[in-house]
Amino acid sequence: MSNGNTNSTSSFDAWEKSALIELKTLQNRVSKALLKYQSSADKTALAESAVRYMSELSAAVTRILKATPAIQQKVDDIADMLHLMAHFSGITFDE
């Protein structure tokens, strides 16, 4: 049995875990921004956060080698939260 395939799979698993950690960190920051908005209702700050985090999500997506189901779900969850932020702040994102 070849060890190259095992190393390749292990390497991809490590990459996927790293990508999920990066996305989870972004998701936590987006979630905190939504919670902060609930307590202060500052639409301008919320809009600025939404735009910044959407840019960060777009940058993260360009680094994704393969959209595994777990990664795709995390991206979708973050995008849904960002669209909610946009809705609350009165901005729209270009699709």
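The structure displayed is predicted, hence computed values, not measured ones.

Let's shift gears to the packing of helix 2 (residues 43–63) against helix 3 (residues 69–89). One way to put it is that helix 2 packs onto helix 3 with a least axis distance of 9 Å and a crossing angle of 155°. As summarised for this structure, helix 2 and helix 3 are arranged roughly antiparallel, according to the angle between their axes. Note that helix 2 runs across helix 3; the crossing there is left-handed. Here Lys-43, Leu-46, Ala-47, Ser-49, Ala-50, Tyr-53, Met-54, Leu-57 and Val-61 of helix 2 lie close against helix 3, whose contacting residues are Val-75, Ile-78, Ala-79, Leu-82, His-83, Met-85, Ala-86, Phe-88 and Ser-89.

For the rest of this paragraph, the subject is helix 2. With 21 residues, helix 2 ought to run about 30 Å at 1.5 Å a step, and its terminal C-alpha atoms sit 30 Å apart, in line with that. All buried positions along helix 2 are accounted for by Leu-46, Ala-47, Ser-49, Ala-50, Tyr-53, Met-54, Leu-57 and Ala-60. Along the long axis of helix 2, the arc covered by the buried residues comes to 160°, so they all point the same way. Set apart from the buried face of helix 2 by more than 90 degrees, the exposed residues are Thr-44, Glu-48 and Thr-62. Sitting at the amino-terminal end of helix 2 is Asp-42, which places a side-chain oxygen 3.2 Å from the backbone nitrogen of Thr-44.

The subject of this paragraph is unusual backbone geometry. With a phi angle near 55°, Ala-41 is a residue other than glycine that sits in the positive phi range. Checked against the element boundaries, Ala-41 lands in the loop between helix 1 (3–40) and helix 2.

Looking at the protein chain as a whole, the pLDDT averages 86, with 91% of positions reaching at least 70. No element of the protein chain has a lower mean pLDDT than helix 1, at 84, and none a higher one than helix 3, at 93.

What counts, and where the lines are drawn
- Residues numbered from 1 in each chain as written.
- Predicted model: local features only at pLDDT ≥ 70, side-chain atom pairs only at ≥ 80, totals over all residues.
- Heavy atoms only, no water.
- Axes fitted to C-alpha atoms, helices over the stretch in contact; angles between N-to-C directions.
- Helix = DSSP H or I, 4+ residues; strand = E, 2+ residues; numbered from the N terminus.
- Parallel < 35°, antiparallel > 145°, perpendicular 65-115°, else oblique.
- Left-handed = near helix turned anticlockwise from the far one by under 90°.
- Contact = heavy atoms within 4.5 Å.
- Expected span 1.5 Å × (residues − 1).
- Buried < 20%, exposed > 50% of the residue type's maximum accessible area, 1.4 Å probe, protein only.
- Arc of directions from axis to C-beta.
- Polar contact = N/O pair within 3.5 Å; in protein donor to acceptor, adjacent residues only side chain to side chain.
- pLDDT = per-residue confidence, 0-100.

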